[in-house]
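# Secondary and tertiary structure notes
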Amino acid sequence: MSKRYFVTGTDTEIGKTTIAAGLLCAARQRGLTTAGVKPVAAGCERTPDGLRNEDALALQGQSYPPLAYDLVNPVTLEAAIAPHIAAREEQVTLTAKGLAGACEAVFARGADLTLVEGAGGWCVPLNETELLSDLAIAHKLPVVLVVGMRLGCINHALLSCRAIAADGLQLAGWVANYVDPDMSRPEENLATLRHLIDAPCLGVVPRLACADAEEVAGFLDVSPLV
Ligand SMILES: Nc1ncnc2c1ncn2[C@@H]1O[C@H](COP(=O)(O)OP(=O)(O)O)[C@@H](O)[C@H]1O
Ligand SMILES: [Mg+2]
C-alpha cells in the first residue's frame, strides 16, 4: 500500500529535511520502499551534473529503490531566497500544477512511503496567486508537521494546524524537533503541544551531535504513516 505525505514545518531551518530523511530511513529499516521529493529547491550549488540542493540530496539518499536526482528535485533555483522571488529572478515559471505533475512521476513508482518536503512553512508563495500548499491540496496529501522546538513555536504550530485544516487537509502527525539547545521549559512546551495538537506525535527528537538519518530514525515512530 503506497502512502504519501507532505512534510511542512513551523519555519525554515527547523528540521523538515532532517525529520523527513529520518522517517524514510525508519521505513527502510522495516523493509519498505521509499521515495523523497523536494519539488522546488531554492538554494542550489552548481556542479558538473547541474544544480544540486542539499535537502534533495538528503532525500535522494533515503529513497530506495534509488531515484534519479531530477525526479527527486524537478525545479532547482540557485539563490537561497523565497522561491517565488528566486523563480522570478531566474526566469523559471513556478505553478502548483507544474509541481503537482512533477510529483506524479515519483508517485507512479508506488513506493510504500513517499514524502514530499515543502519549503519554509505552510504559506510559501509560488507566484502571485498560488502557494506551495496548493501542491499538497492538488494531491490531497495528508500532512506531517515538524515543530522546531524554540520560543514561539506553540503559536507557529497552532497557526499551521489551523491553516492545514482550513485547506481541507488532514494532519497525519507531528514531530517535536529540539533545534534550540537553550530552549527554556522544554518539557512544559512539549506537554502543551501534545495537549493542543489533535494528531499523533510521531516522535520527540533531541538536539543531536550528528543528526543523520539513522540516528534520527531511532527517535521516530513511522508506524502511524505506513
Ligand atoms: N535534532 C537535531 N539535532 C541537531 N541538529 C539538527 C536537528 N534537527 C535539525 N538539525 C540541523 O538544523 C539544520 C536545519 O535542519 P533542516 O532539516 O535542514 O531544516 P529545514 O528542512 O526545516 O530547513 C541542519 O543543519 C540540521 O542538520
Ligand atoms: Mg529542508
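Structure shown above.
This text gives an overview of the structure that appears in the document. (Residues numbered from 1 in each chain as written. Chains lettered and ligands numbered in written order. Predicted model: local features only at pLDDT ≥ 70, side-chain atom pairs only at ≥ 80, totals over all residues.)

### Section: the site of ligand 1
- By nearness alone, 16 residues border ligand 1, and Gly15, Lys16, Thr17, Thr18 and Ala211 come closest of all.
- It is helix H1 (residues 16–29) that contributes the most residues to the shell around ligand 1, 3 residues altogether.
- Here the residues of the shell around ligand 1 are counted per class, giving 6 nonpolar, 6 polar and 4 charged. (Near = placed C-beta within 6 Å. Helix = DSSP H or I, 4+ residues; strand = E, 2+ residues; numbered from the N terminus. Nonpolar A, V, L, I, M, F, W, Y, C, P; charged D, E, K, R; others polar.)

### As for the pairing of strand S8 (residues 143–148)
- When you tally the buried positions in S8, you get 6 out of 6 residues, the bulk of the element.
- By the bridge criterion, 4 bridges tie strand S1 (residues 3–9) to S8 in an arrangement that is parallel. Following the sheet pairing, Phe6 is matched in S8 by Val143.
- As judged from the 6 bridges shared by S8 and strand S9 (residues 171–177), these two strands associate in the parallel manner. Bridge assignment links Val143 to a residue of S9, and that residue is Leu171.
- A crossover connection joins S8 to the parallel S9 through helix H7 (residues 153–166); in handedness this β-α-β unit is right-handed. (Buried ≥ 20, exposed ≤ 12 C-beta atoms within 10 Å, placed from the backbone. Pairing = 2+ DSSP bridges. Right-handed = clockwise from strand over helix to strand, strands pointing away.)

### So, the environment of Gln62
- With respect to the helices, strands and loops of the structure, Gln62 is situated in the loop between helix H2 (54–61) and helix H3 (69–72).
- Spatially, the C-alpha atoms of Gln62 and Ala20 are 9.1 Å apart, while their sequence positions differ by 42 residues.
- Excluding residues within four positions of it along the chain, Gln62 makes contact with Ala21, Leu24, Cys25, Arg28, Thr34, Gly36 and Ala213. (Contact = placed C-beta atoms within 7 Å.)

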